[in-house]
Amino acid sequence: MKPFRTVSGIALPLDRVDVDTDQIIPKQFLKRIERTGYGDFLFCDWRNRSDGTPDPTFVLNRAEYQGAPILLAGRNFGCGSSREHAAWALSDFGIRAVVAPSFADIFQSNCFQNGLLPVILADAEVRTLMSRALQTPGHEVTVDLESCRVTDKKGFEASFEVDPFRRECLLKGLDDIDLTLRNVDRIRAYEEARGAAG
Amino acid sequence: MTTPHTLFEKVWDSHVVHREHGQPDLLYVDLHLVHEVTSPQAFEGLRVAGRPVRRPDRTVATVDHNVPTWSRSLPVRDEIARTQIEALRRNVAEFKIPFYDMDSPHQGIVHVIGPEMGYTRPGMTIVCGDSHTSTHGAFGALAFGIGTSQVEHVLATQCLSTPKPKTLLIDVKGALPTGVTAKDLILGIIGIIGVDGAQGYVIEYAGEAIRSLSMEGRMTVCNMSIEAGARAGMIAPDETTFSYVKGRPQAPQGKAFDAAVGLWRGLASDPGARYDRTVTIHAGDLAPTVTWGTNPGMVVPVTGKVPDPDELKSPDDREASRRALEYMGLQPGTPIKEIRLDRVFIGSCTNSRLEDLREAAKAVEGKHVHPSVRAMVVPGSTQVKLEAEREGLDKVFLDAGFEWRESGCSMCLGMNPDILGAGERCASTSNRNFEGRQGRGGRTHLVSPSMAAAAAVAGHFVDIREWSYGGNGR
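This is a predicted model, so every value here is computed, not measured. Counting starts from 1 at the beginning of each chain's written sequence and moves along it residue by residue. Just so you know, chain letters begin at A and ligand numbers begin at 1, following the order they were written in. pLDDT decides what is reported in this predicted model: residues at 70 or higher carry local features, side-chain atom pairs at 80 or more are listed and counted, and totals for whole chains, interfaces and linings draw on all residues regardless. Working from all heavy atoms in the structure, the side-chain values ignore hydrogens and water.

Caption draft 1: Examining the side chain of Arg166 of chain A more closely. Comment: elements are numbered from the N terminus, with helices defined as DSSP H or I runs of at least four residues and strands as E runs of at least two. Inspection of the secondary structure puts Arg166 of chain A in helix α6 (residues 164-172). Per-residue accessibility, obtained with a 1.4 Å probe over protein chains only, is compared with the maximum for each type, and a residue is labelled buried under 20%, exposed over 50%, and partly exposed between these values. Under the relative-accessibility criterion, Arg166 of chain A is labelled buried at 10%.

Caption draft 2: A look at helix α3 (residues 79-95) of chain B. All names here are of chain B. To estimate the expected span of a helix, subtract one from its residue number and multiply by 1.5 Å. Taking 1.5 Å of rise per residue, the 17 residues of α3 would be expected to cover 24 Å, and the 24 Å separating its terminal C-alpha atoms lies within 8% of that figure. Burial in α3 covers these residues: Ala81, Gln84, Ile85, Ala87, Leu88, Asn91, Val92 and Phe95. Along the axis of α3, the buried residues cluster in a sector spanning 150 degrees; they form a single face. Away from the buried face of α3 by more than 90 degrees, exposed residues Glu79, Arg90 and Ala93 are located. Residues of α3 that are buried sit in contact with β3 (31-34), α2 (40-49), β4 (59-62) and β5 (99-100). Its side-chain oxygen at 3.0 Å from the backbone nitrogen of Ile80, Asp78 defines the N-terminal cap of α3. One or two steps after α3, the chain reaches Lys96, where phi turns positive at roughly 55 degrees. Directions are taken from the helix axis to each C-beta atom, and the arc is the one they span. In this description, contact between two residues means that some pair of their heavy atoms is separated by no more than 4.5 Å. As used in this structure description, the phrase polar contact means that two N or O atoms lie within 3.5 Å; if the pair is within protein, one of them must be able to donate a hydrogen and the other to accept it, and residues adjacent in sequence are counted only when both atoms belong to side chains.

Caption draft 3: Structural view of the sheet that holds strand β2 (residues 70-73) of chain A. Residue and element names in this part refer to chain A. At least two DSSP bridges between two strands are required for those strands to pair. In space, the seven strands of this open sheet follow the order β4-β3-β2-β1-β5-β6-β7, with mixed pairing throughout. Edge positions in the sheet fall to β4 (117-120) and β7 (157-159), since each of these pairs with one other strand and no more. Between one strand axis and the next, the sheet turns through 25 degrees on average, direction left out of account. Bridge count between β2 and strand β3 (residues 97-100): three bridges; the pairing is parallel. Bridge pairing links Leu72 to Val99 in β3. Throughout, an axis means a line fitted to C-alpha atoms (over the contacting stretch in the case of helices), and angles, computed between N-to-C directions, take values from 0 to 180 degrees.

Caption draft 4: Structural context of the sheet that holds strand β2 (residues 26-28) of chain B. One open sheet accounts for three strands, arranged β1-β2-β8 (chain B); its pairing is antiparallel. One side of each edge strand has no neighbouring strand; the edge strands of this open sheet are β1 (16-18) and β8 (159-161) of chain B. The sheet shows a mean angle of 35 degrees between the axes of neighbouring strands, taken without regard to direction. Bridging between β2 of chain B and β8 of chain B involves three bridges; their strand directions are antiparallel. Looking at β8 of chain B, one finds that Tyr28 of chain B is bridged to Cys159 of chain B. Where helix α8 (residues 184-193) of chain A meets the sheet, its contacts fall on β1, β2 and β8 of chain B, and the angle it forms with β1 of chain B comes to roughly 145 degrees.

Caption draft 5: Spotlight on the packing of helix α12 (residues 354-364) of chain B against helix α15 (residues 449-458) of chain B. Residues and elements named next belong to chain B. Look at α12 against α15: their axes get within 8 Å of each other, and the N-to-C directions meet at 30 degrees. Put simply, α12 runs roughly parallel to α15. For the element pair α12 and α15, the recorded crossing hand is right-handed. Facing Asp356, Glu359, Ala360, Ala363 and Val364 of α12, the residues of α15 in contact are Pro449, Ser450, Ala453, Ala454 and Val457. Each residue belonging to the contact of α12 with α15 can be placed in one class, and the counts come to seven nonpolar, one polar and two charged. In this scheme, roughly parallel covers angles under 35 degrees and roughly antiparallel covers those over 145, while 65 to 115 is roughly perpendicular and the rest are oblique. Rotating anticlockwise by less than a right angle from the far helix to the near helix defines a left-handed crossing, while the corresponding clockwise rotation defines a right-handed one. When residues are grouped by polarity, Ala, Val, Leu, Ile, Met, Phe, Trp, Tyr, Cys and Pro land in nonpolar, Asp, Glu, Lys and Arg in charged, and all others, Gly among them, in polar.

Caption draft 6: Seen up close, the nonpolar core. Core analysis: the biggest nonpolar cluster contains 90 residues, and Phe43, Phe77 and Leu90 of chain A together with Phe397, Phe402 and Phe461 of chain B have the highest contact counts within it. Nonpolar cores were defined as sets of buried Ala, Val, Leu, Ile, Met, Phe, Trp, Tyr and Cys residues, with membership established by side-chain atoms within 4.5 Å. By size, the runner-up hydrophobic cluster in this structure holds 80 residues, among which are Leu142, Phe144, Val172 and Ala209 of chain B.

Caption draft 7: The packing of aromatic side chains, seen in detail. The aromatic pairing rule takes the rings of Phe, Tyr and Trp, using the six-membered ring of Trp, and pairs them if the centres are within 6.5 Å, calling planes under 30 degrees apart stacked, those over 60 edge-to-face and the rest tilted. A full pass over the atoms with the stated rule returns 17 aromatic pairs over all chains. Between the aromatic rings of Phe43 of chain A and Trp46 of chain A, the centroid separation amounts to 5.6 Å while the plane-to-plane angle is 5 degrees, which identifies the pairing as stacked. The burial state of Phe43 of chain A is the same as that of Trp46 of chain A; both residues are buried. When the ring of Phe77 of chain A is compared with that of Phe107 of chain A, the centres are 5.4 Å apart and the planes differ by 75 degrees; the resulting orientation is edge-to-face. Here Phe77 of chain A is found in the loop between β2 and α3 (85-93), whereas its partner Phe107 of chain A is found in helix α4 (residues 105-112), with 30 residues between them in sequence. We note Arg32 of chain A situated over the ring of Tyr38 of chain A; from NZ or CZ to the ring centre the distance is 4.6 Å. Lying across the ring of Trp70 of chain B, Arg77 of chain B places its NZ or CZ 4.5 Å from the centre. Criterion for a charge above a ring: Lys NZ or Arg CZ within 6 Å of the ring centre, and within 35 degrees of the ring normal.

Caption draft 8: Focus on the side chain of Asp55 of chain A. Residues and elements named next belong to chain A. By the secondary structure assignment, Asp55 is in the loop between α2 (44-47) and β2. Here Asp and Glu are counted as negative and Lys and Arg as positive; His is not counted, and neither are the chain ends. For salt bridges, the criterion is a side-chain nitrogen of Lys or Arg within 4 Å of an Asp or Glu carboxyl oxygen. One buried charged side chain, Asp55, makes no salt bridge at all; its nearest oppositely charged neighbour is Arg49, positioned 5.0 Å away. Not counting residues up to four positions away in its chain, the partners in contact with Asp55 are Trp46, Arg47, Asn48, Arg49 and Asn61.

Caption draft 9: Fine view of the interface of chain A and chain B. Contact with chain A, which involves 56 residues of that partner, is made by 64 residues of chain B. Take the accessible area each of two parts loses on contact, using a 1.4 Å probe, and add the two losses: that sum is the buried area. When chain A packs against chain B, the two sides together hide about 4900 Å² of surface, and 49% of this comes from carbon and sulfur. Here chain A and chain B share twelve salt bridges between them. Its salt-bridge partner being Arg440 of chain B, residue Asp45 of chain A comes within 3.7 Å of it at the nearest N-O pair.

Caption draft 10: Main features of the pairing of strand β7 (residues 142-145) of chain B. Residues and elements named next belong to chain B. On β7, burial covers both faces: Leu142 and Phe144 on one face and Ala143 and Gly145 on the other are all buried. Across four bridges, the pairing between strand β6 (residues 125-128) and β7 is parallel. Across the sheet, residue Ile126 finds its bridge partner in β7, namely Ala143.

So yeah, pure geometry; function would need other evidence.
Okay, structure coming up:
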């Protein structure tokens, strides 16, 4: 996994609550057997009108926000299906951090597995960033995992909490399976203690 | 005096392989369910790293998400879906994992066949790359959905390192009124606590209404825990649970079963056990329920009207409701019973078990599907289908004008050819009414099986409590 330390760049304001993973990556793209290449399909049904042409009003299609590494969203982002394809699609599109007042549990866990940082800020803090990003398209924000702070050049500053273990894994780009396999003797002992059926 | 523990704490604590300060617990996984959609990248990861599957004997695979529900003798026409199914076949062969393929009499939706085969048992930890894994919590198991990276993790290590959730007790007081089902109960609960109301929590459902539910009803309730944002939903095992599990092919048999029941009896939460939060629901307040919007918390009793977004307090909720109404093509103030339907879907891991099909069949027996409605029944497993056919339920549905299909996830998520067209409005017994969930532009209303069946006949929503059962109607 690629390490995450700090990311600066354009903030992409998706001003909606309860965005579910069916919207982030619609089901027709889950039939692929690869981990990569989902970025083109991110928010497919919102990016494209029913005739297949891009909807120029949707924030992902607007020229001023191209190349944004930071997504701003409303509460409960990533609810619904457990599909990790949602994290893959965001990552493949170039998003490195998502800032929202809350995240669905499975989505949040999937982000950490893919070097994508979910940042929880207070409602009012997200609202401030959202307003700035909407009013000044191209507004830049910095997310720093080492200091656990989100800042911008207009004086915005907020700290966030992240599970210390997850933070360490992201900063160092550690592989979860390798970490668990360091405990292989304990796993074996657990299985033996539970008997033959263990 | 020992400290009283909750059901969740007992299951969690007995599965901790390793605990270290500052790190999430390393939890042992008893059962890992695998399907074709969320597993190919995990198996590929194992191959790249040269890792074996640690416990193929604790892993079970089937195909459910993208299999067509027309005759099993026909080929899978969707080339990409076929590639995914074939990838699973290769992976289970290479890693020697038990597999129920499309032509197996035990194929079915992974959350239907687990309990049906007796793989799912009280006190277990169960994971699957699918959010509706919470279904298995109905047995007093700790069961939750995981992403594909974690699928790979469990395949490689049989463990998961995951933060410990908080506990939420949902105490359902009183009995469910006549005509109010497990589906209405869980939709009602989500309406009250919200689609993120249980984020970070494992729910334990308790109280008279829960105890009175069959295992099928309990599975419906636990299934939709995720729609309230919960990590899992659990119900303490009791006689209803034990008699359901008894005699199932993968369950312990004879003396081993009796010994297991002895242990399972100790799983219920101890008197005085503390929860991080408690919510009390009065079953008597609930009615047959219909969703009007684009998430499962947007619910209203069938006797109600489409709500007015302007009456909501928070600007975020007003905006979300406006978007939902626009997508759903509905006007505030429209009585729910006047909403006309194009499609009806009876199926999914929420409501596709034998009891669900019996309830639906009862409502349509001797009647006929409305001419403007296309209705289908998709049994949750091949066993459910065969058993329903032995009881003649297929004939009831076919005579009434329903399509009777092979088992799978089908139109719950429309990964196979069963999808809604743009603008089509569907009464569905599934679990998600998200935009585009059942097909781009499709409009989903979630209801119970009997409400869906009656709506198919009437062509619009009806209050099942006023339904005239028996023939001679349309």
